Amino acid sequence: MTMLKSRLQDDLTAAIKERDELRSATLRMTLAAITKEEVAGTSARELSDDEVQKVIAREAKKRREAAEAFAGGGRAEQAERERAEGEVLADYLPKQLTDEELDALVGEAVEEARAAGAEGPRAMGAVMKIVNPKVAGRAEGGRVAAAVKKRLAG
């Protein structure tokens, strides 16, 4: 079993013993998503820590989107629950890059792409190929793409 999945299960056990309903429910849903991912496809397999982290990030994104939808629909109580679940999941994800850190990485990638001959807005794909491995899991794809577009446009 991977370190991250083991940590999730240990934390679930602790949350159940402490009768922390929010944390235990969130961890149960996350472990279920991990198990579903493990058995998806033609044969069952064990996920690596990186793959487990991607599943957690996907679950956290679902919580953010659901919170926005509930807030937009006037259901503040459910929106707050989704935000709280997202905060629980954030403990298992790497620290997110600040806007300044992201801009610095994007700037380096743009310079690297220009050195390779990519120019203007059409260089988006080349820059994304360079910057994505550097930010892996520390910034959401949409945020990275927006920073790249901004840098290429101006």
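Reading guide: rules and limits
- Residues numbered from 1 in each chain as written.
- Predicted model: local features only at pLDDT ≥ 70, side-chain atom pairs only at ≥ 80, totals over all residues.
- Heavy atoms only, no water.
- Salt bridge = Lys/Arg side-chain N within 4 Å of Asp/Glu carboxyl O.
- Helix = DSSP H or I, 4+ residues; strand = E, 2+ residues; numbered from the N terminus.
- Buried < 20%, exposed > 50% of the residue type's maximum accessible area, 1.4 Å probe, protein only.
- Polar contact = N/O pair within 3.5 Å; in protein donor to acceptor, adjacent residues only side chain to side chain.
- Expected span 1.5 Å × (residues − 1).
- Arc of directions from axis to C-beta.
- Core = buried A, V, L, I, M, F, W, Y, C linked by side-chain atoms within 4.5 Å.
- Contact = heavy atoms within 4.5 Å.

Draft legend 1. Structural view of the pattern of salt bridges. Counted by the stated rule, this structure contains 16 salt bridges. Glu 21 is paired through a salt bridge with Arg 81; the nearest N and O atoms lie 2.9 Å apart. Of the two residues, Glu 21 sits in helix H2 (residues 21–39) while Arg 81 sits in helix H4 (residues 76–90), which places them 60 residues apart along the sequence. Owing to a relative accessible area of 47%, Glu 21 belongs among the partly exposed residues under this scheme.

Draft legend 2. The environment of Glu 46, seen in detail. Position of Glu 46 relative to the elements: it lies in the loop between H2 and helix H3 (49–72). Taking the relative accessible area as the measure of exposure, Glu 46 reaches 46% and is therefore partly exposed. In this structure the C-alpha to C-alpha distance between Glu 46 and Thr 35, which are eleven residues apart in sequence, comes to 8.9 Å. A polar atom in the side chain of Glu 46 sits 3.4 Å from the backbone nitrogen of Thr 2.

Draft legend 3. Up close: helix H7 (residues 141–153). Between its first and last C-alpha, H7 extends 18 Å over 13 residues, near the 18 Å set by a 1.5 Å rise per residue. Three or more residues of H7 are buried, namely Val 144, Ala 145, Ala 147, Val 148 and Leu 152. The arc enclosing the buried residues of H7, seen along the axis, measures out at 160 degrees, which places them on a common side. In H7, those exposed residues whose orientation departs by more than 90 degrees from the buried face are Gly 142, Lys 149, Lys 150 and Ala 153.

Draft legend 4. Spotlight on unusual backbone geometry. Of note in this structure, Arg 19 is not a glycine but carries a positive phi near 60 degrees. In this fold, Arg 19 is placed in the loop between helix H1 (3–17) and H2.

Draft legend 5. Seen up close, the nonpolar core. Counting residues in each nonpolar core, the largest one holds 21 residues, and the members touching the most others are Leu 102, Val 127, Val 131, Val 135, Val 144 and Val 148. Of all the elements in the fold, those that place two or more residues in this core are helix H5 (99–115), helix H6 (124–135) and H7. If we ignore the near neighbours within four places in the chain, the residues touching Val 135 are Leu 97, Leu 102, Leu 105 and Val 144. In this structure, Leu 4, Leu 8, Leu 89 and Leu 93 belong to the second largest nonpolar core, which totals 16 residues.

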